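A look at the structure
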Amino acid sequence: MGQPRKELTPERSPLHLWGAELRAWRDRRGLSLARMGQLIRYNPSYLARIERGERKPPRELAEAADRELNASGSLTRLWDLIDDKPNAVRRPDDVANLHGHVANARQVIAEMPDFHGESEEAGMLVPCRAQDGRIIFVTLPRRTFLSGMGLGAVAAVTAGPSAAAQPRTLALPDMNPAEHFRQLRTALIDNDNLLGPLRVIPTVESQINAMQQLRQGLRGADARDLLHVQTQYAEFCGWLYHDAGDFRSAQYWTDRALEWSYATGHPETTTYILARKSQLAGDMRDAMQAVDLAEAALSQAQPNSRLGAIAATYAAYGHALSGDAAASQRTFDEAHEMLTQLDEDPTSPWGAWMDPSYIEVHRARGLAALGDHEAAAAGFRTAITALPPGYHRDRGVYLARESTAYAGASEPEQAAKVGAEALSIAAATGSARIMTELTRLDTQLERWQKVPAVAEFRQTFDSLIAHQA
């Protein structure tokens, strides 16, 4: 008689083995669950369930963990051996392969030198020209940008590992911690407006870490106040990654902000973050999610408030993405109506930048999504003219969108002219939102490549991006 088939018990199930393997690599790298969650942009409590074998991780989590832990693909290969059912009965050779893989990986871990620092720096997305001419976004070390190098220098940089700076807890002997971080956030917002997100993200993340450490020694109102500021930093961090084109990291930090906002007891903060999640969904072209989140924010916003107008604006764009022109225009009009009848606390920190021109920028974007490119171009031009001084990067984003509208309206020379203006702002700020729009423009203008203005724009655009070797 043959040997009885050996079944995997819950403690030795494929999911349990994968989770144990993740923990072994994480422990060897000296990373906490919280830090691991920040590096791969997943909730630490979700990672804890995975390590306990309660959930099968998505493949992208396995790939991200491999990269951050420098595990040479071990976790992804093990993921491929996991059945969809955590306690599935497998053939003896399948079980042997699974446990053999784990044994080999453990040997690799055991032979590694001790590592007690942080993993390699998280990368940033940058545009790169592929060999077939397409524009693709690739990940390169953040240090490339923090060293002050422009987009054009990226091609010469090798993506070698470098240690990330350890979070530093600030000494705050004579100042309320929350007030200190509020003042610093104002300075960081100014730096973002001037220099772009890539220079600011590391500092914002380190301050969030510092606040988490400081809160361990606080109680009561002081702890809640600092958590509220931490929530504002997380929302800001989500915005920075949003502008940098890293949507997964933007989702991670915006989700953390929403989660923390419920604990602060500040309904306005929760409402604003729901609206921001709608904006992010719209930029990811997820029409249903954009509308659903915006309507959730609208249901919580005070009547005739800036937050209500913001939520209505993002809902209107979501309707445009779904092809509902009537609902889109009606909701944009409702946003305008809210602004004309404002009845709210003037000290509210959210949405002070909201004005009629902001609504019209999004209306123009909605018109472009609906295919009315001439009206979209005119709308962008009017909104850009009304833009207050100092909104340097926003001007670049709107110019880039205006240029794609001109291209859609078959006005290549005007598209190239406006695109060139946006390109100079993109080079100065490192905004992926601008570069994403200009990537679209570059593709749109290809059929007019013999037009002198178009050829000049495309040559300049090409010189400012990296090229795939």
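Residues numbered from 1 in each chain as written. Predicted model: local features only at pLDDT ≥ 70, side-chain atom pairs only at ≥ 80, totals over all residues. Heavy atoms only, no water.

As for the overall build of the protein
In terms of helices and strands, the protein carries 21 helices and three strands. Counting across all 469 residues of the protein, residues that qualify as buried make up 51%. Surface summary for the protein: the accessible area is close to 21,500 Å², and the carbon and sulfur share equals 51%. (Helix = DSSP H or I, 4+ residues; strand = E, 2+ residues; numbered from the N terminus. Buried < 20%, exposed > 50% of the residue type's maximum accessible area, 1.4 Å probe, protein only. Areas by Shrake-Rupley, 256 points an atom, 1.4 Å probe, with all protein chains shown as cover.)

A short note on helix α12 (residues 267-283)
Compared with an ideal rise of 1.5 Å per residue, which puts 17 residues at 24 Å, α12 spans 25 Å between its outermost C-alpha atoms and is within 8% of the ideal. Note on α12: the residue one or two positions beyond its end, R285, has a positive phi of about 60°. (Expected span 1.5 Å × (residues − 1).)

Side note on the environment of M338
Tracing the chain through its elements places M338 in helix α15 (residues 325-340). Contact partners of M338, with chain neighbours within four places excluded, come to L298, N304, S305, G308, A309 and A312. (Contact = heavy atoms within 4.5 Å.)

Brief notes about unusual backbone geometry
Residues other than glycine seldom take positive phi values, yet R285 does so here, at roughly 60°. Checked against the element boundaries, R285 lands in the loop between α12 and α13 (287-300).

Quick notes on the side chain of Q232
Within the secondary structure, Q232 sits in helix α10 (residues 220-244). Overall, Q232 belongs to the buried group, its relative accessible area being 8%. For Q232, the residues in contact, after removing those within four places along its chain, are R185 and W350.

Details of the packing of aromatic side chains
On inspection of all chains with the given rule, the structure shows five aromatic pairs. On the basis of an interplanar angle of 90° and a centroid distance of 6.2 Å, the ring pair of F181 and Y233 is categorised as edge-to-face. With a gap of 52 residues between them, F181 in helix α8 (residues 177-195) and Y233 in helix α10 connect regions that are remote in the sequence. As far as the burial class goes, F181 and Y233 line up, both buried. (Phe/Tyr/Trp six-rings, centres within 6.5 Å; stacked < 30°, edge-to-face > 60°.)

Notes on the packing of helix α19 (residues 412-429) against helix α21 (residues 452-463)
Packing of α19 against α21 leaves a shortest axis separation of 8 Å and a crossing angle of 30°. Classified by the angle between their axes, α19 and α21 sit roughly parallel to one another. Here the hand of the crossing between α19 and α21 comes out left-handed. From α19, P412, E413, A416, G419, A420 and L423 reach across to α21, where they touch A453, V454, F457, T460 and F461. Tallied by class, the residues present in the contact of α19 with α21 amount to eight nonpolar, two polar and one charged. (Axes fitted to C-alpha atoms, helices over the stretch in contact; angles between N-to-C directions. Parallel < 35°, antiparallel > 145°, perpendicular 65-115°, else oblique. Left-handed = near helix turned anticlockwise from the far one by under 90°. Nonpolar A, V, L, I, M, F, W, Y, C, P; charged D, E, K, R; others polar.)

Details of helix α3 (residues 44-51)
Those residues of α3 lying buried are Y46, L47, A48, I50 and E51. The elements touched by buried residues of α3 are α1 (14-29), α2 (33-40) and α4 (59-69). Remark: G53 follows α3 within two positions and exhibits a positive phi of approximately 80°.

Concerning the pattern of salt bridges
With the rule as written, the count across this model stands at 22 salt bridges. One salt bridge connects E54 with R52, and the closest N-O pair in it is separated by 2.9 Å. The exposure class of E54 is partly exposed, given its relative accessible area of 46%. The salt bridge partner of E437 is R401, with a shortest N-O separation of 3.5 Å. Of this pair, E437 sits in helix α20 (residues 432-444) while R401 sits in helix α18 (residues 392-408), placing them 36 residues apart in sequence. On the accessibility criterion, E437 (9% relative accessible area) is buried. A relative accessible area of 6% means that R401 is categorised as buried. When salt bridges with common partners are traced through the structure, they connect D192, D243, R393, D394 and R433 into a single cluster. (Salt bridge = Lys/Arg side-chain N within 4 Å of Asp/Glu carboxyl O.)

Quick word on the packing of α1 against α4
With their axes 10 Å apart at the nearest point, α1 and α4 run at an angle of 25° to one another. If you check the angle between α1 and α4, you find them roughly parallel. In terms of crossing hand, the pair formed by α1 and α4 is left-handed. Contact residues: α1 offers W18, L22, W25, R26 and R29, while α4 offers L61, A62, A65 and L69. A class-by-class count of the residues in the contact of α1 with α4 yields seven nonpolar, no polar and two charged.

Section: the nonpolar core
One finds V204, Y233, W253, I434, L438, L445 and F457 to be the most contacted residues of the largest nonpolar core, which totals 88 residues. In terms of residues, this core owes the most to one element, α10, which gives 12 residues. In this structure L445 touches A407, P412, A415, A416, V454, F457 and R458, once residues within four positions along its chain are discounted. In terms of nonpolar packing, the next biggest core, distinct from the first, is built from 20 residues, W25, M36, L39 and L61 among them. (Core = buried A, V, L, I, M, F, W, Y, C linked by side-chain atoms within 4.5 Å.)

Considerations on the confidence of the model for the protein
Across the protein, the average pLDDT comes to 78, with 75% of residues at or above 70. The element-level mean pLDDT for the protein is lowest in helix α7 (residues 143-146), coming to 42, with helix α14 (residues 306-321) highest at 96. For residues 1-11, every residue scores under 50 in pLDDT, and the model assigns this stretch 17 contacts once sequence neighbours within four places are set aside. Across residues 111-125, confidence stays below pLDDT 50; counting only partners more than four residues off in sequence or on other chains, it has 55 contacts. (pLDDT = per-residue confidence, 0-100.)

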